[in-house]
Amino acid sequence: DLLLHVIDLASPRCVEQIEVVDQVLRDIGAGETPRIRVLNKIDLAPPRPLTGAENGSSGPCAISALSGEGVEELLRRLAAILDQGKERMQISLSPAQASLLSLIRRRGRVVEERYEEGRIHVTAMLTPKLAGQLRKWLARAEDGPSPGPC
């Protein structure tokens, strides 16, 4: 689990709002859930000394939703956190195995996808369980026809 706590830096009450959100999260039992404080409206607000590295959280990430500044960094941090415990897997699929690509898209994160010489080359971040299942299905496919995943 991961929470994104979006903070309106342009609000004169943003520090108070942070405290209220933190209290509500504690009240509902989510006070220890890792979070990223997303400091929005950096294009409108003066710099403020805000922290966010408590409760397993990473430090704040400053963005401007209007201009897009900082959004790439936020996405990079999200991917890094969400990919923890996942395995990077590279596979080459035939067009007949396209259903596996659909499964990878639903249950993993495709990092790269290329179509070359009649094959689909995929690099993806997958749970160890899904990576193991794919290895089994692909090994069976090399030995003969396989029904694939159910």
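Every value quoted in this text rests on a predicted model; they were computed, and no experiment measured them. (Residues numbered from 1 in each chain as written. Predicted model: local features only at pLDDT ≥ 70, side-chain atom pairs only at ≥ 80, totals over all residues. Heavy atoms only, no water.)

Here we look at the overall build of the protein chain
- Assigned secondary structure in the protein chain consists of 4 helices and 6 strands.
- The order of helices and strands in the protein chain, counted from the N terminus, is β-α-β-β-α-β-α-β-β-α.
- Considering only contacts in the protein chain between residues 6 or more positions apart, those separated by 24 or more positions represent 51%.
- Of the roughly 9300 Å² of accessible surface on the protein chain, a fraction of 55% belongs to carbon and sulfur atoms. (Helix = DSSP H or I, 4+ residues; strand = E, 2+ residues; numbered from the N terminus. Contact = heavy atoms within 4.5 Å. Areas by Shrake-Rupley, 256 points an atom, 1.4 Å probe, with all protein chains shown as cover.)

Concerning the confidence of the model for the protein chain
- In the predicted model, the protein chain carries a mean pLDDT of 87, and the fraction of residues at 70 or more is 86%.
- Mean pLDDT values for the elements of the protein chain range from 85 in strand β3 (residues 58-62) up to 96 in strand β6 (residues 119-126). (pLDDT = per-residue confidence, 0-100.)

Some details on the sheet that holds strand β4 (residues 87-93)
- Ordered in space as β4-β6-β5, the 3 strands form an open sheet in which the pairing is antiparallel. Single-partner strands in this sheet number two, and they are β4 and β5 (109-116). Each strand axis lies, on average, 10° off the axis of its neighbour in the sheet, ignoring direction.
- Two strands pair when backbone bridges link them, and β5 and β6 are joined in this way by 7 bridges, in the antiparallel orientation. Paired with Glu116 across the two strands is Arg119, which belongs to β6. (Pairing = 2+ DSSP bridges. Axes fitted to C-alpha atoms, helices over the stretch in contact; angles between N-to-C directions.)

Some remarks on the pattern of salt bridges
- Within the structure shown, the criterion is met by 10 salt bridges.
- Between Asp8 and Lys41 there is a salt bridge, with its nearest N and O atoms 3.3 Å apart. Residue Asp8 is found in strand β1 (residues 3-8), and its partner Lys41 is found in the loop between β2 (35-40) and β3; the two are separated by 33 residues along the sequence.
- Classification of Asp8 as partly exposed rests on a relative accessible area of 29%.
- With a closest N to O distance of 2.6 Å, Glu113 and Arg105 form a salt bridge.
- You can call Glu113 partly exposed: its relative accessible area is 27%.
- Three or more residues joined by partner-sharing salt bridges are found here, namely Asp22, Arg35 and Arg37. (Salt bridge = Lys/Arg side-chain N within 4 Å of Asp/Glu carboxyl O. Buried < 20%, exposed > 50% of the residue type's maximum accessible area, 1.4 Å probe, protein only.)

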